[in-house]
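# Structural description and commentary
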Amino acid sequence: MNAKVWLVGAGPGDPELLTLKAVRALREAAVVLIDDLVNDAVLAHCPGARIIAVGKRGGCRSTPQAFIHRLMLRYARQGKCVVRLKGGDPCIFGRGGEEAQWMRERGVEVELVNGITAGLAGATQCDIPLTLRGVARGVTLVTAHTQDDSQLNWQALAQGGTTLVIYMGVAKLGEIRDQLLAGGMAADTPVAMIENASLPEQRECRSDLRGMGEDACAFGLKSPAILVIGAVAAVAEEQKIAACSSSYSTCADFMQELPQAAIF
């Protein structure tokens, strides 16, 4: 049997957001190497597999990446179906690219299975469209935490005109605010801070660029959380206000105004 590893995205937390392909890979798995942020409910799809926790969390003791590589290689060369199960999408801040390269250099076949990333799921759960005609024609995903502590081009991000989705930024809210303000972003730019995206315990805090640090502190924002920065972060609230101010006081009033032919 040829050695093979599946790099599978488990999505942001809600087990119903798994893809059918991810479920198929898990059902075939003999060994599953699982990240900390993967919902345990996902493991219902691989009841017979050996589960090995290889999590990485900021500020906590983490499994060395080199050790994870060797584990995958060992089991794959034994002819076992190996799934490396990651929160979100394996290729969006999930080291999927480097793991795939390392395995392929050693003759191991790799198949990547996308998962819904937390930035998308969290925004959707809060009725925030990351792109919207006339408001935001693009979205930029960035991480506030880099391996070599290098700086992002904050000026380009501030003036790019896209919605910013920032991962791993809770500990750097002050720096993010200061850098974007210095880069020319307006102080009243809407911000949504979303904790535990897609899970029952999801929470959101709405603010603006100027006040997001203080508001997050008062809210008690904790990781894992994503930041959505841009005009779209205010869209849901504006729609709620518009709905409340509609001339139709109830749905029944609106239906009475429709032509009968339009009612199915």
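Counting restarts for each chain, with residues numbered from 1 along the sequence as it is written. Under the rules for a predicted model, residues below a pLDDT of 70 receive no local features and side-chain atom pairs below 80 are neither given nor counted, while totals for whole chains, interfaces and linings still include all residues. The side-chain quantities take in all heavy atoms of the structure and omit both hydrogens and water.

Under an unreviewed UniProt entry, the name given to the protein chain is Uroporphyrinogen-III C-methyltransferase, and the organism recorded is Pseudomonas helmanticensis.

This part is about the overall build of the protein chain. Secondary structure is summarised from DSSP: a helix means a run of H or I of at least four residues, a strand means a run of E of at least two, and numbering begins at the N terminus for each. For the protein chain, the helix and strand inventory stands at 9 helices and 10 strands. A burial count over the protein chain gives 44% of its 264 residues as buried. Note on contacts: a residue pair is in contact if any heavy atoms of the two residues lie within 4.5 Å. Considering only contacts within the protein chain whose residues lie at least 6 apart along the sequence, 66% involve residues at least 24 apart. Per-residue and other accessible areas were derived by the Shrake-Rupley procedure at a 1.4 Å probe size, with only the shown protein chains allowed to occlude residues. Total accessible area computed for the protein chain in this model is approximately 14100 Å², and 52% of it derives from carbon and sulfur atoms. Relative accessibility thresholds used throughout: buried, under 20% of the residue-type maximum; exposed, over 50%; partly exposed, between the two (1.4 Å probe, protein chains only).

Every angle, taken between N-to-C directions, lies between 0 and 180 degrees, and every axis is a line fitted to C-alpha atoms, over only the stretch in contact when it is a helix. Viewed as axis vectors pointing N to C, helix α2 (residues 65–77) and helix α3 (residues 96–105) meet at an angle of 50°, and their least axial separation amounts to 11 Å. Judged on the interaxial angle alone, α3 and α2 are oblique. Judged by the sense of rotation from one axis to the other, the crossing of α2 with α3 is right-handed. Listed contacts from α3 to Gln 65, Ile 68, His 69, Arg 70, Met 72 and Leu 73 of α2 are Glu 98, Glu 99, Trp 102 and Met 103. Polar here means any residue other than Ala, Val, Leu, Ile, Met, Phe, Trp, Tyr, Cys and Pro, which are nonpolar, and Asp, Glu, Lys and Arg, which are charged; Gly is therefore polar. Its residues assigned to classes, the contact of α2 with α3 shows 5 nonpolar, 2 polar and 3 charged. In what follows, roughly perpendicular refers to angles from 65 to 115 degrees, roughly parallel to angles under 35, roughly antiparallel to angles over 145, and oblique to any angle outside these ranges. Note on convention: the crossing is left-handed when the near helix lies turned anticlockwise from the far helix by less than a right angle, right-handed when the turn is clockwise.

Turning next to helix α1 (residues 20–28). Burial in α1 covers these residues: Ala 22, Val 23, Ala 25 and Leu 26. For α1, the angular spread of the buried residues around the axis is 160°, confining them to a single face. Residues of α1 that are exposed and point over 90 degrees away from its buried face: Leu 20 and Arg 27. Against the buried residues of α1 lie β1 (4–9), β2 (31–34), β4 (82–86) and β5 (109–113). This arc corresponds to the set of directions leading from the helix axis out to the C-beta atoms.

What follows is about the sheet that holds strand β6 (residues 139–143). One open sheet holds the 5 strands; their spatial order is β6-β7-β10-β8-β9, and the pairing between them is mixed. The sheet is open, and its two edges are formed by β6 and β9 (203–208), each paired on a single side. Averaged over all neighbouring strand pairs, the angle between strand axes comes to 20°, with direction disregarded. DSSP bridges decide pairing: two strands pair if at least two such bridges lie between them. Here 4 bridges tie strand β7 (residues 163–167) to strand β10 (residues 225–229), and the two strands are oriented antiparallel to one another. Residue Leu 164 lies in a different strand from β10, and its bridge partner there is Ile 229. Across the sheet, helix α6 (residues 173–182) touches β7, β8 (190–195) and β10, and the angle it forms with β10 is around 15°.

Judged by pairing direction, the sheet is parallel, and its 5 strands sit side by side in the order β3-β2-β4-β1-β5 without closing on themselves. The open sheet has two edge strands, β3 (50–53) and β5, and neither has a second partner. Strand-to-strand twist in this sheet, taken as the mean axis angle between neighbours without regard to direction, amounts to 20°. Bridge count for β1 against β4 is 5 bridges, and the pairing is parallel. The residue bridging Leu 7 from the neighbouring strand is Arg 84, located in β4. Where α1 meets the sheet, it contacts β1, β2, β4 and β5, and its direction lies at approximately 135° from that of β1. On the sheet, α2 packs against β1, β2, β3 and β4 and is oriented at approximately 150° with respect to β4.

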